Amino acid sequence: GKLPFGYEAAPVYKPSTTNGARTLLGLKPQIVPSEAEIIAKAFHMYAEGEALYEIVRMMNRACAPHRSWSKSGVENMLKNPIYIGVRYRNRTTKVTNPTTEDVVTQRVMDTTQWAKHEDETLRIIDQDTWDRTEQRRAGRPTGTKRETSE
């Protein structure tokens, strides 16, 4: 599928042969540093208790005019484990029409069948910031200045 904000597809080649020809093996996600800075700022703002609308505003200023963000887009970003280098495979399966063999829809697989793949080269967010973000998303106190001063 499409890579999330902060990543781009980089070609992976088979080592060159004696004549110097390279064979494309496929594409691998890699971090886009300028986008990673925006993502890191958004996660830190959220972990420190900043309002979602302020994070949306910051991201829209930082990404204009090429991309615009909504509250739900930022919420989805904040829960995407790729930002800590975790991806899941086998999350969906294609459902086909047995008569025509056409793909009708995709069905989400049971989470026990998902294949977790960890790749530190994809990590943008440190574990502490991720954990504080998850705590806030779950409604648990994170010990931020904003929460302790109220």
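Residues numbered from 1 in each chain as written. Predicted model: local features only at pLDDT ≥ 70, side-chain atom pairs only at ≥ 80, totals over all residues. Heavy atoms only, no water.

Colleague: Explain the side chain of Thr-133 to me, using residue names and the numbers behind them.
Modeller: Mapped onto the fold, Thr-133 is located in helix α4 (residues 127–137). For Thr-133, a relative accessible area of 0% translates into the label buried. Beyond its immediate sequence surroundings of up to four residues, Thr-133 is in contact with Phe-43, Tyr-46, Ala-47 and Leu-78. (Helix = DSSP H or I, 4+ residues; strand = E, 2+ residues; numbered from the N terminus. Buried < 20%, exposed > 50% of the residue type's maximum accessible area, 1.4 Å probe, protein only. Contact = heavy atoms within 4.5 Å.)

Colleague: I'd like a rundown of the nonpolar core, residues and numbers included.
Modeller: If you look at the biggest cluster of nonpolar residues, it comprises 28 residues, and the most contacted ones within it are Met-59, Val-74, Met-77, Tyr-83 and Ile-125. Secondary-structure elements contributing two or more residues to this core are α1 (33–47), α2 (52–63), α3 (71–78) and β3 (84–89). Broken down by element, this core gets its largest block of residues, eight residues, from α1. Each residue touching Ile-125, except ones within four places of it in the same chain, is listed here: Ile-39, Ala-40, Phe-43, Tyr-83, Ile-84 and Trp-130. (Core = buried A, V, L, I, M, F, W, Y, C linked by side-chain atoms within 4.5 Å.)

Colleague: So what's going on with α2? Which residues, and what values?
Modeller: Along its twelve residues, α2 runs 16 Å from first to last C-alpha, staying within 8% of the 16 Å computed at 1.5 Å per residue. Of the positions making up α2, those classed as buried are Leu-52, Ile-55, Val-56, Met-58, Met-59 and Cys-63. The buried residues of α2 occupy one face: seen down the axis, they fall within an arc of 165 degrees. Opposite the buried face of α2, by more than 90 degrees, sit the exposed residues Tyr-53 and Arg-61. (Expected span 1.5 Å × (residues − 1). Arc of directions from axis to C-beta.)

Colleague: Please give an account of the packing of aromatic side chains that cites residues and values.
Modeller: Two numbers describe a pair of aromatic rings. These are the distance of the centres and the angle of the planes. As enumerated under the stated definition, the model contains four aromatic pairs in all. One aromatic cluster is present, formed by Tyr-7, Phe-43, Tyr-83 and Trp-130 through successive ring pairs. The cationic tip of Arg-67 hangs over the ring face of Trp-69; the distance from NZ or CZ to the ring centre is 4.1 Å. Above the face of the Tyr-46 ring, Arg-136 is positioned so that its terminal group lies 4.1 Å from the ring centre. (Phe/Tyr/Trp six-rings, centres within 6.5 Å; stacked < 30°, edge-to-face > 60°. Lys NZ or Arg CZ within 6 Å of the ring centre and 35° of its normal.)

Colleague: Mind laying out the pattern of salt bridges, listing which residues take part and the relevant values?
Modeller: Under the criterion given, the structure shown has seven salt bridges. Across the pair Lys-28 and Asp-119 runs a salt bridge, and its minimum N-O distance is 2.9 Å. Note that Lys-28 is positioned in strand β2 (residues 23–31) and Asp-119 in strand β6 (residues 115–123), a separation of 91 residues in sequence. The partner of Asp-128 in a salt bridge is Arg-132, and the shortest N-O contact between them spans 3.3 Å. A residue pair is termed a helical-turn pair when its members lie 3 or 4 positions apart in one helix, as Asp-128 and Arg-132 do in helix α4 at four residues. On the basis of relative accessible area, Asp-128 is assigned to the partly exposed category, the value being 47%. (Salt bridge = Lys/Arg side-chain N within 4 Å of Asp/Glu carboxyl O.)

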